[in-house]
Each structure stands twice: as C-alpha cells, then as structure tokens.
Amino acid sequence: MIGRLRSQAFETGKFLTDWMEHRTGIVTMTEHFLYEPVPKRGAWLYTLGSATLFCISLQFLTGILLLFYYVPTTDHAWNSIYYIMNDAYFGTLIRGIHYWSANFLLVVIGLHMSQVFFSGGYKAPRELNWVVGVALLLLVIVLAFTGYLLRWDQDGFWASVVGMKIGSYSPFVGGPTIRFLMGGDVIGPSTLSRFFALHVWLLPAALAPLIGIHLYLLRKHGVFGSEFEYSDRLAKLHERERLESYEQYDEDEGEPFTGRRDREDRE
Amino acid sequence: MAELQKDPMTRGDFLGFGILGTIVGAILTIPPAAFVLGPLINSDVRGQSDIPSGPDDWFEVTSISEVPESEPKVFTVDFPVEQVYGKPEIQEESGTSKQEFTVPSAIWLSWEHEINADGTYGQSLRPSFLDDRSDGFSESEIEEIQNSLNVLSSSCAHLGCPVRWLVREGEGEFLCPCHGGIYNINGEYVAGPPPRDMYSYDFEVREDGTVYARHEFDTGGANGPQEPFVI
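All of the points below concern the structure found in this document. On a predicted model such as this, the values are computed, not experimentally measured, just so you know.

Considering the nonpolar core
Item 1. Judged by nonpolar contacts, the single largest core of 74 residues is most densely connected at Ile107 and Leu149 of chain B.
Item 2. Ignoring any residue separated from it by four or fewer positions in sequence, one finds isoleucine 107 of chain B in contact with Val61, Lys73, Val74, Phe75, Val77, Phe79, Val151, Leu152, Tyr201 and Ala213 of chain B.

What follows is the structure, encoded as structure tokens:
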C-alpha cells in the first residue's frame, strides 16, 4: 500500500517536472544555476557573492514591510518610524534587519570586490561583469545615502546636509544635481519626497535588472574557466551521479550485472 | 557584421525618420523630464526660492537686549519652507491642515569685536546707549546697532554642519563639530577646512529693538562668491 502510494507520488512528481521542463526548460535552468563544481581550497570565499545577494534580498523584503507603516512627509516621517520601533509587532526586528543588513551589505560588497580583485576574476572575458558590479556598488551607495534621510532625525538630516554639500562642490553639475535632489533651494518636504522616491522605487528598479545581468554574465562565463570547462565538469558530475544510482539500484533490487561490470570496466 | 537593415535607406526615409523620431522623442521625454526637474526650473530659470525672501519677508529673531555683551547667543527662527504640499495656497485649499512647514534655522547673534593682531578679542563694539534703553531708537542709533551686530548662520561654510560656541582658556570661538572649522566671534575664518567666513543673514533692527532676518546671505568672501547651500 505505502509502496504503491510512494510510486504513484513519484510518477506524478515526475510527470509534473517533465511537463514544466518541456514547456519552460526550468529544470535544466535550475540545474545550471545550482550545480557548480568549485575547488575545495578557499571554498568559503566563493560564497561572498551569494552573501551580497542575500543581504540585498533582505533589504527588498524588509523594505517592502516597512513601507506598510512609513510615511514620507516632514511632519510624520519620524513619528511613523517611532511607531514601527515601539508599537508595531516585531517592528524593531524588521527595521533592525533593514538597518543592519544595509550596513553588512556594504561590508560584504567590499569583501566580495576584493576577493574578485585579488583572484583576478575581473580579467577577460569577465570585464563587463566587473563593470556591472561597480554600477551595482554605486547604486547601493546612493541607496544607503538616500535611506539615511528618510529617518528625518538629527543624525540623518545633518548627514544628508553634509553629503549634499560635498556634492555641491562638483564643478558645473554639482549645483543643479543638489537642487534636483533637494527639490528646491533648501531641505524641506520636497527633499524628503524625492529621497523617498529614489530610495524605494528608482534605485531598486535600477538595481534589480543589473543584478540579473550580473548573475547571467556570471553563469555565462562561470567562476572557474570557460563554458566548455564548466559543461565538462557538469558532465563528470552527472556521470558520477549515474553510477551512484546504479549502485543504489543494485542494492535495492538485487539485480547483479550492469552497474558492477560497468564500473569494473571503467576502473 | 550583423545586417540590421536589409533595404538601403533613402535620403527621404532618413529625413522622415529623423523628424518623426524627434517629435515622438519630445512627446515621450519632455513631460516626465519637466515633471521631475520642476524645482530646478523654478529656482534656476524662474529664480524662485522656497523660503519667502522678498523685500517684505522679515522674520523676527529676538530683541536686541537679549544679545550678551561679550559672547554670541543662538536663536532659532522657523523660516516657512514653501515646497510641494507645504505651499500655503495648498494648505489653505485643503482646509484640513493649517500646519506650516518649517525647518528650524539656528542664528548666532553677537556684537562685533575688535580683533587683535594675535587673534585675541579686543573691545566689544556694542553701542553704550544699550545699557540704558532697549527700545525707542532713533535712526542713527539703529544704524549704529546694525553696523556692530553679527547675524550669523549656524551652518559651517565648509559642509554645512551646525557650529557651536566653545570657550577655552577664557577665549571663545565657533567650532564646527564635523571637520574642525574654527571662526572667531565675528564669524571670520580662523582655521580648518572652511573656504570662507561664516554666512551672515540679511537683517534689520527696528525702532522697538527687535531684530528681523531674511533668508538671504552674503555670498561673497575671500574666495569669491559661492552658491549658498546653507540649509
């Protein structure tokens, strides 16, 4: 009974997977994204990119949650954050994650960047991925800058004043850029609205497709060697998995010959 | 090379595409660009400011008798910021909120001092008739007061942090907490990164001894005019 159920469930699962694979190619894609042979030496260093992606995902998720209570007006911004921090269920946790993961994000990006730099991962044919990465870094920095003002407290306010005043010294573009950011000639309601618009829509919307391009280019070239090497390694991995399943088959059903003879031939 | 265009383009086609492209491009880009660049158009092209700073827009700071003889004192003025939803017409139209949108500005008032060659402060130039009276000044007295009063913006001329008055060994100075810019009691540059003296407000003293300020600054100084991003 249990055995039949199991085999039925297995059949259904296989049918659904095949159906999806046939129409979207999602299984091959997932395989391509998940299975990447990495060298044993220094394997933890290769997780820095994923760590960055993880922090950014956290920013997106907690940011969406914070939007349920945050109000971007000069008379309510501070109060709404006070509400989040003191009254809302788990508000301290959600905002704390948003705040701290933003801080960690910048640290992890720095580590990720230095790992790529010192291992020479920016060299041909991966130069464009480095360029996209730098664009991502700049976007994240502007996100951090615009997020600071949204708190509308003394800290964020004066940090933004100083930041904008630094920018205002740039020749020719400085003045207009800062007036564009401030939405006038002094910091006020317009500044808060603009920083809010940049922080929650414009910059994330620019960030997301760039992350997609970054990952696509990463997968196109692989982290270690060319596409050819990659498929080569993947083929070996599949072969090993096949052999293991043969052995399993052998043990379960007691049918002797194929797997074993195969393997002996090979060795 | 990839072949994008199968048929060669004639000159007429080229012209047509050019004109059509310009029209469609303008329709697609001008409205959103003007929408987000509105404040730039208002302040740079039409010369508007978000803080009323016309000839009649004076805001009360304090009474002249409140200014100590030999050290500065800080006062806060709430200049109304008339940006976006904070504009008075809109507030009036909605009727639901009468709140005025302000960003408090700190203003330091001090009496001008003579500065000795070694940087120490000499005599205060505070008019002596202030000892007896605090209002009912004549025009020449007002003139004298205005010539010896410093009305300084608390924003450091370097990067805009608020300066504070620090007294050390009997001598005070304005110190910026961010990068250590130092100014003397008259707001003149002494040391540190600032490129010029502190910004001073446009101000006037009236007959009853009240100081009024306008959101206008002197933009000159030793290093020429700078755009006043004094917040």
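Next comes the rest of the write-up.
Side note on the pairing of strand β6 (residues 149–153) of chain B
The side chains of a regular strand alternate between both faces of the sheet.
All names here are of chain B.
Item 1. The buried fraction of β6 is high, at five of five residues.
Item 2. Burial along β6 is two-sided: the face carrying Leu149, Val151 and Ser153 and the face carrying Asn150 and Leu152 are both buried.
Item 3. Two strands pair when backbone bridges link them, and strand β3 (residues 102–111) and β6 are joined in this way by five bridges, in the antiparallel orientation. Within β6, the residue paired with serine 110 across the bridge is asparagine 150.

Re the side chain of threonine 210 of chain B
Residue and element names in this part refer to chain B.
Item 1. Among the structural elements, threonine 210 can be located in strand β12 (residues 210–217).
Item 2. In terms of polar contacts, threonine 210 uses its side chain to reach the side chain of aspartate 208, at 3.0 Å.
Item 3. With residues near it in sequence (within four places) discarded, threonine 210 still touches Glu60, Thr62, Ser63, Glu204 and Val205.

Quick notes on helix α1 (residues 11–45) of chain B
Item 1. With 35 residues, α1 of chain B should cover 51 Å at 1.5 Å per step; its first-to-last C-alpha distance of 39 Å lies more than 12% under that length.
Item 2. Approximately 65 degrees is the largest bend angle found in α1 of chain B, and it occurs at leucine 37 of chain B, with the proline proline 39 of chain B only one to four residues beyond.
Item 3. Inspection of α1 of chain B places Gly38, Pro39, Leu40 and Ser43 of chain B among the buried residues, and these make up the whole buried set.
Item 4. Buried residues in α1 of chain B make contact with α8 (174–182) and α9 (189–221) of chain A.
Item 5. Where α1 of chain B ends, the next residue or the one after it, glycine 47 of chain B, has phi of about 70 degrees, a positive value.

As for the sheet that holds strand β8 (residues 171–175) of chain B
All names here are of chain B.
Item 1. The antiparallel open sheet is built from four strands, whose spatial order is β7-β8-β9-β10. Single-partner strands in this sheet number two, and they are β7 (164–168) and β10 (189–191).
Item 2. For β8 and strand β9 (residues 182–183), the ladder comprises two bridges, and the chain directions are antiparallel. Its bridge partner lying in β9, leucine 175 is registered against isoleucine 182.

Parameters and conventions
- Residues numbered from 1 in each chain as written.
- Chains lettered and ligands numbered in written order.
- Predicted model: local features only at pLDDT ≥ 70, side-chain atom pairs only at ≥ 80, totals over all residues.
- Heavy atoms only, no water.
- Core = buried A, V, L, I, M, F, W, Y, C linked by side-chain atoms within 4.5 Å.
- Buried < 20%, exposed > 50% of the residue type's maximum accessible area, 1.4 Å probe, protein only.
- Contact = heavy atoms within 4.5 Å.
- Helix = DSSP H or I, 4+ residues; strand = E, 2+ residues; numbered from the N terminus.
- Pairing = 2+ DSSP bridges.
- Polar contact = N/O pair within 3.5 Å; in protein donor to acceptor, adjacent residues only side chain to side chain.
- Expected span 1.5 Å × (residues − 1).
- Bend = angle between axes of the 7 residues up to and from the residue.

Bear in mind that shape data such as this cannot, by itself, settle questions of function.
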